[in-house]
Each structure stands twice: as structure tokens, then as C-alpha cells.
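Descriptive structure summary
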Amino acid sequence: MRFLSDLWRILRHDKGALIGGAIVLLYCLAAIFGPIFVEVGNEQDASQAYLAPSWEHPLGTDSLGQGVLSQIIVGTRPIMIVGVLSAVITVFIGVAIGLLTGYVGGAADTVIMRITDIFLTIPGLPLIIVLASVINTTNPVVLALILSITAWAGLARAIRSQAMSLRSREFVEAAKLQGVSLSNMIGRQLLPNVGPYVAIHFLLAITGAIYASVGLFLLGIAPISGNNWGIMINLAMAQGALYTTDSAFYLFSPMAAIVILQVAFVFFSRALDSVFNPRLRVQ
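Residues numbered from 1 in each chain as written. Predicted model: local features only at pLDDT ≥ 70, side-chain atom pairs only at ≥ 80, totals over all residues. Heavy atoms only, no water.

For the protein, an unreviewed UniProt entry supplies the name ABC transporter permease and the organism Kribbella speibonae. Of the protein, the UniProt comment under Subcellular location (unreviewed entry) reads exactly: "Cell membrane". (UniProt positions renumbered as here; feature names shortened; annotations may be inferred.)

Okay, structure coming up:
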């Protein structure tokens, strides 16, 4: 409750962060409830193709006469699920490895960090493309695992550096004297002190995973089935969007949805930074 009260107080004083938080909340609500209230059917009506924005279709229609806004709303859920799952996996692995190796040190730290360095040197996007082309990515968990396969390494390195600086602090020494377990030391003593960095990185990991997943659908590597923003861009390109202005709304609407979400995350992250960093808090 203290966290929520601090967050609300900061949002009230930072209009940019408040707007960003409201947009993120709107996307979350669209992902949860959008497919319940909005439906994208299979019917086709060529006479309704590429209509201009109207009250019935605020973002116009596609080549099949289906509303673009409806597809944006329905497509939010699969994209957000993959983004959040990938971010959770990335943060969990990165934080666990970083805190453990940074605190324990020794040979285990050396070996794990050498493995981490290998993952840091592997080009992430080409590896993701190769894996997505040979592995069935219809399951969002599988797709999230592929997207996070190298993303955790940089976070692990950064968290390890913070853990190494924390293990010489007085509260850590006091906990050692009390004989606390390793899990207690990692989870209750060190983890809260890296919370700000982890929270910000979690938001950035979501946007990175969204970009990557949309890219896979755009390139046609991930299966073109269902509705999401990447598939919309792929179909718009296949329908000749680069050669005609008729499909402009169909092409640029999902792009705008992605950009708006990323900007909202950036603005909202300022509020999280202020909550976790006492020096930035608004009194």
C-alpha cells in the first residue's frame, strides 16, 4: 500500500508520467477485455475495402472491409502476453544469476560470467530469427523463451556489479553474523536494493520483446495466424501498402500503437524511478 500511495503522489505531480501510466493501463485493459467486447469476424466485403475513418470505423478498414481499430484492440492481447512473458523470463534469469554470482563470487562466478559473456557476444536478432524459423512458435511461452534467450545476459552483468558493491555493506555483514540462509540473503537483503533498476529494465524488456515479436510476424517467420500488430503490418505489406495510399491507416495504425506504448513506458518509468529513488521523490 505504501508503494501505491507513493506512486500516486508522484503521478499527480508529474503529468507526463501520469499520462504514460494511463496509456499503459489502457493497453492492459484492452489486452484483458478487448477480445471480450470486440470481435474480428471472417466475413469479407470488398465494397467496404479501405474506407476512410468514420464513426463506424474510426481507423478505416482493410482490404477485406474489416475495421482496423477492432484488429488493433484484438491484437493487443497476444502481443502484450508475449512481451510480458519475455520480460518476466529475462528479468528472472538476469536477476537470479546476477545476485547469486555477485554475492557468492569465486569459481562459480568466473564460470557463469564466462558463459554470460558468450551470450553477450551472440547477435541476438539473427539467433532469434533462426530459432523462430525452426521451432513452432504458436505457443506464446515458447516465443517468449526464444525472445529472451540472450536478453538476460546484459541484465545479469549489471546486477552482478551492484551485488558485488552491496556485499560489503553493513547490513549484509550484520545478516551474515545472524547466520541467515543464502536464499534469505539474496531474496530479502540484496534484491530490494536493486529493485529500481529491475523495475525500469522490466518495462524496457517488454517493449524490446514487443518489437522483436512484431518483427518476426512482419518477416513471416512466426506463423501468420490470428490477429496481432505484426500480422497486420505483414498483411498490409503483402497487399501493396508501399505502392498505394489506400491502405495507409491499415499499415501505420499498428506501428503507431507500438510507438505510443513505448513512449508511455518511458514516461511511466520516471514515476517508478522516483518511487524507488528517495532523492527523486516529490515531497
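Before going further, it helps to examine the overall build of the protein. Looking only at helices and strands, the protein has twelve helices and zero strands in total. Its helices and strands taken in sequence order, the protein reads α-α-α-α-α-α-α-α-α-α-α-α from the N to the C terminus. A principal-axis box enclosing the C-alpha atoms of the protein has dimensions of 75 × 50 × 30 Å. Relative to its full complement of 283 residues, the protein shows a buried share of 41%. On the protein, roughly 14,700 Å² of surface is accessible, and the fraction owed to carbon and sulfur atoms is 67%. The averaged location of the 13 negative side-chain charges in the protein is 20 Å from the averaged location of its 15 positive side-chain charges. (Helix = DSSP H or I, 4+ residues; strand = E, 2+ residues; numbered from the N terminus. Buried < 20%, exposed > 50% of the residue type's maximum accessible area, 1.4 Å probe, protein only. Areas by Shrake-Rupley, 256 points an atom, 1.4 Å probe, with all protein chains shown as cover. Lys, Arg positive; Asp, Glu negative; His and termini not counted. Charge placed at Lys NZ, Arg CZ, Asp CG, Glu CD.)

Turning to helix α11 (residues 229-238), a few remarks are in order. Burial of α11 is extensive: seven of the ten residues sit out of reach of the surface. Put simply, Asn228 is the residue that caps the front of α11, since its side-chain oxygen is 2.8 Å from the backbone nitrogen of Gly230. In the stretch just after α11, Gly240 is the one whose phi turns positive, near 85°. (Polar contact = N/O pair within 3.5 Å; in protein donor to acceptor, adjacent residues only side chain to side chain.)

Right, let's talk about the packing of helix α3 (residues 68-104) against helix α4 (residues 106-121) for a bit. Running from N to C, α3 and α4 point in directions that differ by 140°, and their axes come no closer than 8 Å. Both α3 and α4 take part in a crossing whose hand is left-handed. Seen from α3, the contacting residues are Ile97, Thr101 and Val104; seen from α4, they are Gly106, Asp109, Ile112, Met113 and Thr116. Classifying every residue of the contact of α3 with α4 by side-chain character gives four nonpolar, three polar and one charged. (Axes fitted to C-alpha atoms, helices over the stretch in contact; angles between N-to-C directions. Left-handed = near helix turned anticlockwise from the far one by under 90°. Contact = heavy atoms within 4.5 Å. Nonpolar A, V, L, I, M, F, W, Y, C, P; charged D, E, K, R; others polar.)

Looking now at a nonpolar patch on the surface. A cluster of nonpolar side chains, contributed by Leu25, Leu29, Ile32, Phe33, Ile36 and Phe37, occupies part of the molecular surface with about 650 Å² of accessible area. With respect to the helices and strands, the residue Phe37 is situated in helix α2 (residues 15-37). (Patch = residues over 30% accessible without salt bridge, like charges linked within 9 Å, V, L, I, M, F, W, Y side chains within 5 Å. Salt bridge = Lys/Arg side-chain N within 4 Å of Asp/Glu carboxyl O.)

With that settled, the discussion passes to the nonpolar core. Core analysis: the biggest nonpolar cluster contains 33 residues, and Leu7, Ile210, Val214, Trp229 and Leu261 have the highest contact counts within it. Of all the elements in the fold, those that place two or more residues in this core are α1 (2-13), α2, α3, α10 (195-219), α11 and α12 (248-276). Apart from the residues within four sequence positions on either side, Leu261 is in contact with Tyr27, Met80, Ile210 and Trp229. Val95, Val172, Met185 and Val194 belong to the second-largest nonpolar core, a separate cluster that totals 15 residues. (Core = buried A, V, L, I, M, F, W, Y, C linked by side-chain atoms within 4.5 Å.)

Turning our eyes to something else, we now look at the packing of aromatic side chains. All told, the structure shown has two aromatic pairs when counted by the stated rule. Aromatic side chains Tyr27 and Trp229 sit 6.0 Å apart centroid to centroid with 85° between the ring planes, which places their arrangement in the edge-to-face category. One end of the pair, Tyr27, is in helix α2; the other, Trp229, is in helix α11, with 202 residues separating them in the sequence. Note on accessibility: Tyr27 and Trp229 belong to one class, buried. Plain terms: the ring middles of Phe119 and Trp152 are 5.1 Å apart, the flat faces sit at 55° to each other, and that makes the pair tilted. Within this pair, whereas Phe119 is found in helix α4, its partner Trp152 is found in helix α7 (residues 152-166), the two being separated by 33 residues in sequence. (Phe/Tyr/Trp six-rings, centres within 6.5 Å; stacked < 30°, edge-to-face > 60°.)

Now for the pattern of salt bridges. This model, assessed by the stated rule, comprises four salt bridges. Among the salt bridges present, the one from Arg160 reaches Asp109, with a minimum N-O distance of 2.7 Å. With a gap of 51 residues between them, Arg160 in helix α7 and Asp109 in helix α4 connect regions that are remote in the sequence. Per residue, the accessibility class of Arg160 equals that of Asp109, and both read buried.

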